[in-house]
Amino acid sequence: MSPNHKLVTVDTLDEKVLGDLLSLESVAVRVPEFYDAMYCKALADLLYQEIDDTAGAGIYESNIDSFWNVTQDPGRRERYLASTLPLLNRMRRLSAPHPSPVDHLRVALDESWPGGSTLMTLNGSKMPLGITRVWRTGSEGLPHQDVLRREFDDPMAHSLLGQLGVNIYLDTADEGGELEVWDHVISDEEYQGMADKYPGSYGYPRDILPEESVLISPEPGDLILINAACAHAIRKITAGRRITVSGFVGNYGTDLPLRCWS
Ligand SMILES: O=C(O)CCC(=O)C(=O)O
Ligand SMILES: [Fe+2]
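Only a predicted model underlies this, so the values are computations on that prediction, with no experimental measurement involved.

Participant: In this structure, what is going on with the nonpolar core? I would like to understand it.
Facilitator: One recurring pattern in soluble globular proteins: nonpolar side chains tend to sit buried together. Within the largest apolar cluster, 38 residues are counted, with the highest numbers of intra-cluster contacts made by Leu-13, Leu-170, Leu-223 and Leu-225. Of all hydrophobic cores here, the second largest spans 15 residues; its members include Tyr-80, Leu-81, Met-120 and Met-127.

What follows is the structure, encoded as structure tokens:
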């Protein structure tokens, strides 16, 4: 059966929508026009300019390291942790006079979850939220999962009850670049047997996944949340480029704050 019923479209987030996603009643939640499309365009133009000036290589180009890039390197981890407030402030500056999409997301999560929402901390330091990722023509994200405890052997990772991937789409590809989500979790036990083949839970072959998936063509302004334990991929961009503001949301239980990072 097609898993399309596992994509939920809502006007606003609330406890039930987030709870259903965490319990895999759904695999993805879309909030259309979460951030005004005109604001998206203005912000995307500024971000493209900045990233073009400082481009690096990789499956996508981004302004800061993702946490999984820094887990093995104390120096890089320090730089990552030092980037938190500058990153938030930069997004506010670039968005002005409109609200920052990251702040908008943080407030929406805080107001929709009984325990509220805050930034993830590591040894008392706040972790950055709101990495910007540019995906250019020809790039793609292979099927993968995002499971912090597989990357980082720390109580803060092991006590997570669930992890969501959250993206605000500021600009979307002309062709391709869809987000594909499978209603399928590769368990830690299954992953153990193949961790050396797919480091970082990245690059699963499609033939180990169900034939049917949820395929989402994001529109500028969309907020899309996925249960990051489900295998997911970004289809190859065949025309144009896309830019997202991206992060993760960790669940420690209904009465505790959600914890956000990138
Ligand atoms: O850019 C996207 O559509 C999804 C990126 C992703 O893999 C994630 O947010 O976990
Ligand atoms: Fe992901």
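Participant: Just checking my understanding: could you explain the coordination of the iron ion (ligand 2) for this structure?
Facilitator: Angles at a metal have ideal values that depend on geometry: 109.5 degrees with four tetrahedral donors, 90 or 180 degrees with six octahedral donors. Every protein donor of the iron ion (ligand 2) is accounted for by His-144 (NE2), Asp-146 (OD) and His-232 (NE2), and the metal-donor separations fall at 2.1 Å. Spacing between the donor residues of the iron ion (ligand 2) along the chain follows H-x1-D-x85-H. Placement of the pair is His-144 in strand 8 (residues 141–144) and His-232 in strand 14 (residues 230–234), with a sequence separation of 88 residues. For the pair His-144 and His-232, a shared accessibility class is recorded, and that class is buried.

Participant: Looking at this structure, how should I read the side chain of Ser-112?
Facilitator: Within the element layout of this structure, Ser-112 appears in helix 6 (residues 101–112). The exposure class of Ser-112 is buried, given its relative accessible area of 7%. In this structure the side chain of Ser-112 is engaged in a polar contact, spanning 2.7 Å, whose partner is the backbone oxygen of Ala-108. Once residues lying within four places of it in the same chain are set aside, the contact partners of Ser-112 are Leu-13, Asp-14, Glu-15 and Leu-18.

Participant: Even after reading the chapter, I still don't get the site of ligand 1, so can you show me in this structure?
Facilitator: With respect to spatial proximity, the complete set of residues near ligand 1 consists of Arg-133, His-144, Asp-146, Asn-167, Tyr-169, Leu-179, His-232, Ile-234, Arg-242, Ser-246 and Phe-248. With respect to ligand 1, the side chain of Tyr-169 contributes an N or O atom lying 2.6 Å from an oxygen atom. Its free accessible area being 300 Å², ligand 1 has 98% of it covered by the protein chains. For the shell around ligand 1, the elements supplying multiple residues, two or more each, are strand 9 (162–171), strand 14 and strand 16 (242–251). The element that contributes the greatest number of residues to the shell around ligand 1 is strand 16, accounting for three residues. Residues that form the shell around ligand 1 fall into these classes: four nonpolar, four polar and three charged.

Parameters and conventions
Residues numbered from 1 in each chain as written. Chains lettered and ligands numbered in written order. Predicted model: local features only at pLDDT ≥ 70, side-chain atom pairs only at ≥ 80, totals over all residues. Heavy atoms only, no water. Core = buried A, V, L, I, M, F, W, Y, C linked by side-chain atoms within 4.5 Å. Buried < 20%, exposed > 50% of the residue type's maximum accessible area, 1.4 Å probe, protein only. Donors = N, O, S within 2.8 Å, 3.2 Å for Na, K, Ca; no water. Helix = DSSP H or I, 4+ residues; strand = E, 2+ residues; numbered from the N terminus. Polar contact = N/O pair within 3.5 Å; in protein donor to acceptor, adjacent residues only side chain to side chain. Contact = heavy atoms within 4.5 Å. Near = heavy atom within 4 Å. Areas by Shrake-Rupley, 256 points an atom, 1.4 Å probe, with all protein chains shown as cover. Nonpolar A, V, L, I, M, F, W, Y, C, P; charged D, E, K, R; others polar.

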